[in-house]
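Results of the structural survey
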Amino acid sequence: MMIAPLTVDRIPDVEKLLALGEPYIKLRGSSDYWLYAKLFSTTCPVAVLNGEVVGCVIAFRSQDDPAEIYLQDVMTHPDHRRRGITRALVDEVRRQGSRWGCQRLYLTSEPVNRPAHAAWLALGFVNVEGDSQVDGVSLISNYKGPGKHRAVYECLIGS
Ligand SMILES: CC(C)(COP(=O)(O)OP(=O)(O)OC[C@H]1O[C@@H](n2cnc3c(N)ncnc32)[C@H](O)[C@@H]1OP(=O)(O)O)[C@@H](O)C(=O)NCCC(=O)NCCS
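Described below are features of the structure shown in this document. (Residues numbered from 1 in each chain as written. Predicted model: local features only at pLDDT ≥ 70, side-chain atom pairs only at ≥ 80, totals over all residues. Heavy atoms only, no water.)

Judged by nonpolar contacts, the single largest core of 24 residues is most densely connected at Val-57, Leu-71, Leu-105 and Phe-125. Broken down by secondary-structure element, the contributors of at least two residues to this core are β3 (52–61), β4 (68–76), α3 (85–100), β5 (104–109), α4 (114–122), β8 (137–139) and β9 (151–156). With four residues, α3 is the largest single contributor of residues to this core. Apart from residues no more than four positions distant in its own chain, Val-57 is found in contact with Thr-43, Cys-44, Pro-45, Leu-71, Asp-73, Val-74, Leu-89, Val-90 and Val-93. In terms of nonpolar packing, the next biggest core, distinct from the first, is built from 17 residues, Leu-6, Cys-44, Val-53 and Ile-58 among them. (Core = buried A, V, L, I, M, F, W, Y, C linked by side-chain atoms within 4.5 Å. Buried < 20%, exposed > 50% of the residue type's maximum accessible area, 1.4 Å probe, protein only. Helix = DSSP H or I, 4+ residues; strand = E, 2+ residues; numbered from the N terminus. Contact = heavy atoms within 4.5 Å.)

As structure tokens, this is what we get:
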């Protein structure tokens, strides 16, 4: 398996892959992926196996707080899960963050997404304490705007 930054030629494959991530992943427009490939490729790694894109992470370093990287989407093809693909992709983003001197990776998740919850904890993320709990997952109310309650996970990284 190869881990490489997202490139424009791989956008159609990435879109096909992310379309399989419903309902936890919302597919964005093609020009959004162009932006990720052109401006954010080092934090948007793809996993390629036998020429096929089997996983990807879409993440961005914050301009408001450059010590932070936000992971927007994380996806492994359903036929290739539990084989360490997300682990390898997140490790790549973590290494990049470390090279930049960043201190924190973070992401939001839906509390009903149990595989994701298990994956974040296994990868060293902590579920940030919020103001309510659903099935043992801590939620921060209105995190992404009115009514948009989210489970927030963070992982501190060293440089
Ligand atoms: C969550 C998701 C990204 C995990 O990807 P993955 O490539 O299967 O994850 P990995 O193989 O790297 O798993 C690393 C560890 O996480 C944990 N884990 C991952 N999936 C798990 C599951 N379904 N149940 C329990 N633990 C799980 C395990 O500890 C695993 O290590 P192990 O297989 O050695 O036990 C994948 O299930 C997925 O694409 N889901 C759909 C999209 C989505 O929900 N994305 C997240 C929201 S943005």
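The ligand sits among 19 residues. The nearest are Val-74, Thr-76, Gly-84, Thr-86 and Asn-113. Arg-82 places a main-chain nitrogen or oxygen 2.8 Å from an oxygen atom of the ligand. Taking Asn-113, its side chain carries an N or O atom lying 2.7 Å from an oxygen atom of the ligand. Protein chains bury 79% of the 920 Å² of accessible surface belonging to the ligand in isolation. Of all the secondary structure elements, the ones that give two or more residues to the shell around the ligand are β4, α3 and α4. When the residues that make up the shell around the ligand are grouped by side-chain class, the tally is 11 nonpolar, four polar and four charged. (Near = heavy atom within 4 Å. Polar contact = N/O pair within 3.5 Å; in protein donor to acceptor, adjacent residues only side chain to side chain. Areas by Shrake-Rupley, 256 points an atom, 1.4 Å probe, with all protein chains shown as cover. Nonpolar A, V, L, I, M, F, W, Y, C, P; charged D, E, K, R; others polar.)

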